[in-house]
Amino acid sequence: MDTAAGAQARLPIRSDMDLMWVRQHVRQMAAALGFGLVDQTKLVTAASELARNTLVYGGGGTMETTPLAEGGTPGLRLTFRDEGPGIADLEQALQDGFTSGEGLGMGLGGARRLVHEFAIESSPGAGTTVRVTSWVGRPPLRREEV
Amino acid sequence: MNEAVPWPLPGPATGHVPVLRLGDVLLVTLQGDLYDSTAEQLQRDLAEAIARSGAAGVVIDVSGVDVVDSFLGRILAEIAGQARLLAARTVLVGMRPAVAITLVELGLTLPGLRTALSTEAAMELLTGRAWPARSGGRHRGSP
Ligand SMILES: Nc1ncnc2c1ncn2[C@@H]1O[C@H](COP(=O)(O)OP(=O)(O)OP(=O)(O)O)[C@@H](O)[C@H]1O
Ligand SMILES: [Mg+2]
């Protein structure tokens, strides 16, 4: 798809330098699509969480950015993919405070609260795909919805 | 530098964050985007600097930071925790409203971190006297 914010793009996630590129790319796309400063910051923060999980737990992977338009409303979809060990218990992984490493366990649950749509697919041995979407000008989800 | 500059440009503080000393207080200014490894290095540098200097406080200026995720949030909380063990307090200065709002949604509360609106206010909070002030003995306000 081609829009003012550019076409779909895929970035590698292999190092903490790549995490910086991911953040800057999402910031630029979100700004070009018309997201306000707070919403840009939420998207970039969610992207940073998911990209770091891709790097740390997934052993590296990619982020794909897809600009969207629905009924005149621009949106941005981010897809994080890795072929790592996968997640056996998704519900547990999404719980605030659960970590299998040395994090705070806030990344997945937090990222879900920061976007409008959140989908995760994972199974042991098959890697992990997380897809998030946000729309310009749409109010944030209420807490009860996430 | 005459090699091609990659796009996008990394923030200015990607490599190393200097720790300045102002009387009893250590002052750190974070600018732009940080490598994870830079943030971890800062955490180690600060622990050492507090232990060596016996500083009463640490002021971290985050006004130039446009993203704080759970990684950087954890590092900041751990800096405050290790400072407390070394009898120093930590104050964050100048957090951007968009960052603060995002941190709340993310669910990060940054325990142990106080915030102040300006470096001067932070210095006053930590030293118990108006800043700038004459250098003098260690003097801390009530907690
Ligand atoms: N891409 C992935 N592949 C495999 N496991 C994952 C992946 N992403 C998350 N996980 C698992 O889910 C857990 C929770 O992830 P989450 O991002 O919420 O917390 P964390 O990364 O451990 O800590 P934080 O993000 O707060 O620094 C991780 O500890 C890990 O076990
Ligand atoms: Mg995480």
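Everything that follows concerns the structure shown earlier in this document.
Residues numbered from 1 in each chain as written. Chains lettered and ligands numbered in written order. Predicted model: local features only at pLDDT ≥ 70, side-chain atom pairs only at ≥ 80, totals over all residues. Heavy atoms only, no water.

1. Observations concerning the pattern of salt bridges
- A full pass over the atoms with the stated rule returns 10 salt bridges over all chains.
- Salt-bridge contacts for A:R113 lead to A:D96; the nearest nitrogen and oxygen are separated by 3.0 Å. One end of the pair, A:R113, is in helix α4 (residues 107-114); the other, A:D96, is in the loop between α3 (90-94) and α4, and 17 residues separate them in sequence.
- When its relative accessible area of 40% is taken as the criterion, A:D96 is described as partly exposed.
- Ionic pairing is found between B:R52 and B:E48, a salt bridge with its closest N-O pair at 3.8 Å. (Salt bridge = Lys/Arg side-chain N within 4 Å of Asp/Glu carboxyl O. Helix = DSSP H or I, 4+ residues; strand = E, 2+ residues; numbered from the N terminus. Buried < 20%, exposed > 50% of the residue type's maximum accessible area, 1.4 Å probe, protein only.)

2. Observations regarding the environment of A:A119
Residue and element names in this part refer to chain A.
- Within the secondary structure layout, A119 lies in strand β4 (residues 117-122).
- For A119, a relative accessible area of 31% translates into the label partly exposed.
- Separated by 62 residues in the primary sequence, A119 and Y57 place their C-alpha atoms 18 Å from one another.
- In contact with A119, not counting residues within four places along its chain, are T129, V130 and R131. (Contact = heavy atoms within 4.5 Å.)

3. Here we look at the packing of helix α2 (residues 37-56) of chain A against α4(A)
All names here are of chain A.
- With their axes 9 Å apart at the nearest point, α2 and α4 run at an angle of 150° to one another. Taken together, the axis directions place α2 and α4 in an arrangement best described as roughly antiparallel. The chirality of how α2 crosses α4 is left-handed. Side by side, α2 and α4 meet where K42, T45, A46, E49, L50 and N53 of the first sit next to G107, L108, A111 and L114 of the second.
- Among the residues making up the contact of α2 with α4, the classes are represented as five nonpolar, three polar and two charged. (Axes fitted to C-alpha atoms, helices over the stretch in contact; angles between N-to-C directions. Parallel < 35°, antiparallel > 145°, perpendicular 65-115°, else oblique. Left-handed = near helix turned anticlockwise from the far one by under 90°. Nonpolar A, V, L, I, M, F, W, Y, C, P; charged D, E, K, R; others polar.)

4. Digging into helix α1 (residues 16-33) of chain A
- Between the first and last C-alpha of α1(A) there are 26 Å, a value that for 18 residues agrees with the 26 Å anticipated at 1.5 Å per step.
- In terms of burial, α1(A) is a largely internal element, 13 of the 18 residues being buried. (Expected span 1.5 Å × (residues − 1).)

5. A word on the environment of B:L72
All names here are of chain B.
- Here L72 shows up in helix α2 (residues 70-85).
- Since its relative accessible area comes to 9%, L72 is described here as buried.
- Spatially, the C-alpha atom of L72 lies 14 Å from that of V17, the residues being 55 residues apart in sequence.
- With residues up to four places along the chain from it excluded, the contact list for L72 reads L34, A39, V65 and V67.

6. Some remarks on the side chain of A:T41
- Looking at where A:T41 falls in the secondary structure, it is placed in helix α2.
- Accessibility expressed as a relative area gives 2% for A:T41, which makes it buried.
- Look past the residues within four positions of A:T41 in its chain and what remains in contact with it is A:R27, B:D66, B:A98, B:V99 and B:T102.

7. Focus on the site of ligand 1
- Around ligand 1 lies a shell of 20 residues, among which A:N53, A:Y57, A:T99, A:S100 and A:M106 are the nearest.
- Taken together, the residues near ligand 1 originate from chains A and B.
- One nitrogen or oxygen atom from the side chain of A:N53 is found 2.8 Å from an oxygen atom belonging to ligand 1.
- In this structure, an oxygen atom belonging to ligand 1 sits 2.8 Å away from a main-chain N or O atom of A:M106.
- Protein burial of ligand 1: of its 600 Å² of free accessible surface, 93% is covered by the chains.
- The set of elements that each furnish at least two residues to the shell around ligand 1 consists of α2 and α4 of chain A.
- A breakdown of the residues in the shell around ligand 1 according to their chemical character gives seven nonpolar, 11 polar and two charged. (Near = heavy atom within 4 Å. Polar contact = N/O pair within 3.5 Å; in protein donor to acceptor, adjacent residues only side chain to side chain. Areas by Shrake-Rupley, 256 points an atom, 1.4 Å probe, with all protein chains shown as cover.)

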